[in-house]
Every structure is written in structure tokens, then in C-alpha cells.
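Each chain is listed here by its residues.
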Amino acid sequence: HYVVDFLALRDMTRAITDELDHRMLLPGQSAYIRLEDDGPNIVARYRDRYWSFPRDECVVLPIPNTTTELLARYIAERLLAEMRGRGWLDPRVLRVEVEESFGMTAEVALTP
């Protein structure tokens with residue numbers, strides 16, 4: 001029986017990950033890292049240290065830290081919103097796994 005259009009799911013997932021791929025991922029809700037607009041750059045400050053990144057190479061995410069676990073949750077929540085936007089029924093469970101490096105992964109399971 002038909003469960004989900006896996007080609008559409010693949011394309012939704014790819015669109016989300018393409019936004020993140022080869023970008024500097026910055027936490028927009030961090031209690032420790034302050035982000036500042038500096039013209040064409042974004043400055044990230046932590047205590048007395050700072051880093052400046054070209055704006056077009058950054059993605060500011062609505063998460064407190066850019067850990068693999070939180071990235072997996074962010075992607076899962078985006079996928080669920082996209083599914084709902086297409087009128088799909090909520091899945092019983094939506095699992096997303098993000099690999100930080102070979103053998104180092106985090107998985108989140110959303111139960112909407």
C-alpha cells in the first residue's frame with residue numbers, strides 16, 4: 001500500500017539540506033553567541049572573541065546551538081512543515097539522521 005511519495009520526500013529533504021550545505025551555520029537563539037550585522041558580513045561574538053563571515057556564506061538558524069542533534073530536529077521540523085504545506089497527513093513518526101562525520105550521527109524522531 002502507498003505510504004509516501006519518496007521522490008517528493010527526497011526533493012523536499014534535498015531543498016532543505018542544499019540551503020545548509022557548505023555554509024557557515026550560526027545559531028540565532030544562542031545564549032552565548034551574539035550575532036551582529038556588519039554590512040556585508042555577520043560578526044559572531046563570544047566573550048572577548050569574535051569572527052566575521054561573509055553574509056552570503058552564512059545561514060542563521062532558529063536554534064540555540066549548531067549541534068548535530070539540533071540540526072536533525074531543525075530539518076525534521078522543516079520537513080514536517082513542508083509535508084503539511086502539501087496537504088500530506090502527518091506521519092506516525094518522522095525520523096531524521098544527520099551525520100557529523102563518519103560514524104558520528106544524531107537522530108531525532110518526531111511524533112506529531
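Residues numbered from 1 in each chain as written. Predicted model: local features only at pLDDT ≥ 70, side-chain atom pairs only at ≥ 80, totals over all residues. Heavy atoms only, no water.

Between two packed helices, the angle of one axis relative to the other and the distance separating the axes together describe the packing. The contact between helix 1 (residues 6-20) and helix 2 (residues 68-85) brings their axes to 10 Å, and the two run at 135°. By the angle class used here, helix 1 and helix 2 are oblique. Read as a crossing pair, helix 1 and helix 2 show a hand that is right-handed. Across the interface between the two elements, Leu9, Met12, Thr13, Ile16, Thr17, Glu19 and Leu20 of helix 1 pack against Tyr74, Ile75, Arg78, Leu79, Glu82 and Met83 of helix 2. When its residues are assigned to classes, the contact of helix 1 with helix 2 shows eight nonpolar, two polar and three charged. (Axes fitted to C-alpha atoms, helices over the stretch in contact; angles between N-to-C directions. Helix = DSSP H or I, 4+ residues; strand = E, 2+ residues; numbered from the N terminus. Parallel < 35°, antiparallel > 145°, perpendicular 65-115°, else oblique. Left-handed = near helix turned anticlockwise from the far one by under 90°. Contact = heavy atoms within 4.5 Å. Nonpolar A, V, L, I, M, F, W, Y, C, P; charged D, E, K, R; others polar.)

Where strand 6 (residues 94-101) meets strand 7 (residues 104-110), seven bridges bridge the pair, whose relative direction is antiparallel. Residue pairing for strand 7: Val96 is matched across the bridge by Val108. Between strand 6 and strand 7, which pair antiparallel in sequence order, lie two residues; one of them, Gly103, sits at a positive phi of approximately 80°. (Pairing = 2+ DSSP bridges.)

The subject of this paragraph is the pattern of salt bridges. As enumerated under the stated definition, the model contains nine salt bridges in all. Glu36 is the salt-bridge partner of Arg45, the closest N and O atoms lying 2.9 Å from each other. Exposure remark for Arg45: the relative accessible area of 26% places this residue in the partly exposed category. Of the residues examined, Glu36 reaches a relative accessible area of 29% and is grouped as partly exposed. When the shortest N-O distance is used, the salt bridge between Asp37 and Arg55 registers 2.4 Å. (Salt bridge = Lys/Arg side-chain N within 4 Å of Asp/Glu carboxyl O. Buried < 20%, exposed > 50% of the residue type's maximum accessible area, 1.4 Å probe, protein only.)

A word on the nonpolar core. Among the nonpolar cores identified, the biggest contains 21 residues, and Leu20, Leu61, Ile75, Leu79, Leu94 and Val96 are the most heavily contacted of them. For this core, the element with the highest residue contribution is helix 2, accounting for eight residues. Leu79 has contacts with Leu9, Met12, Thr13, Ile16, Leu94 and Val96, leaving out every residue within four places of it along the chain. Of all hydrophobic cores here, the second largest spans five residues; its members include Leu26, Ala44, Phe53 and Cys58. (Core = buried A, V, L, I, M, F, W, Y, C linked by side-chain atoms within 4.5 Å.)

Let's shift gears to the sheet that holds strand 2 (residues 34-38). Overall, antiparallel pairing links the three strands, which are arranged 2-3-4 in an open sheet. Each edge of the sheet is formed by a strand with only one pairing partner; in this case those strands are strand 2 and strand 4 (49-54). With direction set aside, neighbouring strand axes in the sheet form an average angle of 25°. The sheet contact formed by strand 3 (residues 41-46) and strand 4 spans six bridges and is antiparallel. Opposite Ala44, over in strand 4, you have Trp51 as the bridge partner.

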